[in-house]
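Residues per chain, in single letters:
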Amino acid sequence: MTKLWGGRFTQATDAFMESFSASIHYDARLFRQDIQGSMVHCRMLARQGIIAGDEADLILDGLVRVRAEIEQGELPFRDDLEDIHMHVESRLAELIGPVAGKLHTARSRNDQVATDLRLWLREECDAIRDAVRTLQSVLVDLAEVHVETIMPGFTHLQNAQPVTLGHHLMAYFEMLDRDRQRFSELRKRINQLPLGSAALAGTPYPIDREWVAKELGFEGVCRNSLDAVSDRDFVIETAAAAALVMTHLSRFSEELILWSSPNFGFIELSDAFATGSSIMPQKKNPDAPELVRGKSGRVTGHLMGLLTLMKGLPLAYNRDMQEDKEAIFDIVDTVRGCLKVFTGMLVEIRVYPEVMLAAAKVGYTTATDLADYLVRLGIPFRQAHEISGRLVRVCVNTGRSLEQLTLAEMQAVDGRIGSEVMAVLTVTASVNARKVVGGTAFTTVRTAIESARARLS
Ligand code: ARG
């Protein structure tokens, strides 16, 4: 079997080299985009008088048939045909004869593969964006239910100040909102047409790149042929945006894992997203968030792999770049899978507000409110901090909470403290004192949720 590029070769490809270099087992995934790009290219060639109209019709009919065969799983994949581009072209030749060879006029696999990948990736970015939006809407719904659910807020994983679960959930809404923006922004850079750059230098045929771009839904044409066939920065920035989504999901996962431990007892995952232990009958393990946390490593790893893949490549195309595909395919599958499982898991999550409330009171979480109360009496904050700290020490020594101290005990530490202090020391008062924009007060979070919903629609 002679290769499509076999003209100058006298020796057959080494058998192992053939399977080593083949990408068909993964890039077959691009067949729809490959055929879509070929069809528009073919119509453009005819429009420009580069091939005849009836030749174009034959080619277009043939491409429709090839696509149907691949969809039906009827086209056998062969390592000697390397990749999806060669499979389509060679099957086309079998179906319609030598006229098939005219399709590759004014084109190279180098601009072809870059075009295919951009067509594919822009759709996937849209799907990721939609999946992020779905997760965000589940988050907003859950946050709304828990606007008044008080829990401990943490720094250093130590109880810090009371917050509401609604506020905590909305933090993830904001992270995901930036993720969604990133995908919208990078899509514009993906959506530029490489086709017409040919192998590297452009083509002598009178092609119409703008028309092709419009037909394929690209916003513009890549402006430099060398760049168009040889950069994969659009893949890398998608990988980076995906790695950030995964980082956000991984942090959230870590919290859900902690919170579902009996030592916290804040939440329970539904049976549908947990598994049992084969030896310990009592166990319910948070597998869904654990897997999401684990898979974040894969995506970050691929990002590093892609950056490393590109960093030493001279212009223009290099075969190394074939290695971009498995990475970006896996990234997209992983992110989409994780977003899906996360959404399902949150819909079914069970929250234990009483446990959260009890935990919010542990660890003198209103000590800052006590200091803020002293500031309102005219005491400088640094001094107020010191006084509040001394009262915490009394609590530590006597095994009580700030709320449980008597007024007399407090006045023994500082005589300026009045009876109004008691109202300041509850976790509810602490939360609702924080009405500042972005704060955790019930009313503020309600407003935040409203504005979040507006951004989603
Ligand atoms: N399978 C190749 C890739 O993914 C297609 C481009 C091949 N071009 C070439 N000059 N060998 O990069």
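Right above here is the structure, for reference.
Residues numbered from 1 in each chain as written. Predicted model: local features only at pLDDT ≥ 70, side-chain atom pairs only at ≥ 80, totals over all residues. Heavy atoms only, no water.

Sheet analysis places strand S1 (residues 150-155) next to strand S2 (residues 158-164), joined by six bridges and oriented antiparallel. Bridge pairing links Ile150 to Thr164 in S2. Between S1 and S2, which follow one another and run antiparallel, lie two residues, and His156 among them has a positive phi close to 55°. (Pairing = 2+ DSSP bridges. Helix = DSSP H or I, 4+ residues; strand = E, 2+ residues; numbered from the N terminus.)

The next subject is unusual backbone geometry. Leu315 connects to Ala316 through a cis peptide bond whose omega is 0°. By secondary structure assignment, the location of Ala316 is in the loop between helix H11 (287-311) and helix H12 (324-347). The backbone of Ala106 sits at a positive phi, close to 65°, despite the residue not being glycine. Note on placement: Ala106 falls in the loop between helix H5 (84-96) and helix H6 (109-145).

With that settled, the discussion passes to the site of the ligand. With respect to spatial proximity, the complete set of residues near the ligand consists of Ser23, Asp83, His85, Arg109, Asn110, Val113, Tyr317, Gln322 and Lys325. Measuring from a nitrogen atom of the ligand, one finds a side-chain N or O atom of Gln322 at 2.9 Å. Protein chains shield 86% of the accessible area of the ligand, which is 340 Å² for the free molecule. Within the shell around the ligand, the residues separate by chemical class into two nonpolar, four polar and three charged. (Near = heavy atom within 4 Å. Polar contact = N/O pair within 3.5 Å; in protein donor to acceptor, adjacent residues only side chain to side chain. Areas by Shrake-Rupley, 256 points an atom, 1.4 Å probe, with all protein chains shown as cover. Nonpolar A, V, L, I, M, F, W, Y, C, P; charged D, E, K, R; others polar.)

On to the packing of helix H3 (residues 31-47) against H6. Where H3 contacts H6, the two axes come as close as 9 Å, and the packing angle between them is 120°. With respect to H6, the axis of H3 lies oblique. H3 and H6 meet at a crossing whose hand is right-handed. Here Gln33, Asp34, Gln36 and Ser38 of H3 come into contact with H6, specifically with Gln112, Asp116, Leu119, Trp120 and Glu123. Its residues placed into classes, the contact of H3 with H6 shows two nonpolar, four polar and three charged. (Axes fitted to C-alpha atoms, helices over the stretch in contact; angles between N-to-C directions. Parallel < 35°, antiparallel > 145°, perpendicular 65-115°, else oblique. Left-handed = near helix turned anticlockwise from the far one by under 90°. Contact = heavy atoms within 4.5 Å.)

What follows concerns the pattern of salt bridges. By the definition in use, this model includes 33 salt bridges. A salt bridge links Arg91 to Glu94; the nearest nitrogen and oxygen atoms lie 2.6 Å apart. One end of the pair, Arg91, and the other, Glu94, are both in helix H5, three residues apart, so they sit about a helical turn from each other. For Asp126, the salt bridge goes to Arg129, with nearest N and O atoms at 2.8 Å. Highlighted residues: Asp126 and Arg129, both in helix H6, separated by three residues, approximately one helical turn. (Salt bridge = Lys/Arg side-chain N within 4 Å of Asp/Glu carboxyl O.)

On the surface, Phe16, Met17 and Phe20 cluster together into a nonpolar patch covering about 370 Å² of accessible area. Of note, Phe20 is situated in helix H1 (residues 15-21). Residue class for Phe20 comes out exposed when judged on its relative accessible area of 61%. (Patch = residues over 30% accessible without salt bridge, like charges linked within 9 Å, V, L, I, M, F, W, Y side chains within 5 Å. Buried < 20%, exposed > 50% of the residue type's maximum accessible area, 1.4 Å probe, protein only.)

Next up on the list: helix H13 (residues 353-361). Within H13, the full set of buried residues consists of Met356, Ala359 and Ala360. Buried residues of H13 fall within an arc of 105° about the axis and therefore sit on the same side. Of the residues one or two after H13, Gly363 is the one with positive phi, at around 90°. (Arc of directions from axis to C-beta.)

Once that is clear, we can look at the side chain of Arg107. The topology assignment puts Arg107 in the loop between H5 and H6. Although Arg107 is buried, it forms no salt bridge, and the closest oppositely charged side chain is Glu89 at an N-O distance of 4.9 Å. There is a polar contact of 3.2 Å between the side chain of Arg107 and the side chain of His104. Setting aside anything within four residues of it in sequence, one finds Arg107 in contact with Ser38, His41, Gln112, Leu195 and Ala198. (Lys, Arg positive; Asp, Glu negative; His and termini not counted.)

Assignment of secondary structure puts Val66 in helix H4 (residues 53-71). For Val66 and Ser90, which are 24 residues apart along the polypeptide, the C-alpha to C-alpha distance reads 9.9 Å.

As a further point, take the packing of helix H14 (residues 367-376) against helix H15 (residues 381-398). Each packed pair of helices is defined by two parameters, the angle between the axes and the distance between the axes. The interhelical angle for the contact between H14 and H15, taken along N-to-C directions, is 135°, at an axis separation of 8 Å. The angle between the axes of H14 and H15 places the two elements in the oblique class. H14 and H15 meet at a crossing whose hand is right-handed. Packed against H14, whose contacting residues are Ala367, Leu370, Ala371, Asp372, Leu374 and Val375, the element H15 presents Phe381, Ala384, His385, Ile387, Ser388, Leu391 and Val392 at the interface. The residue makeup of the contact of H14 with H15, split by class, is 10 nonpolar, two polar and one charged.

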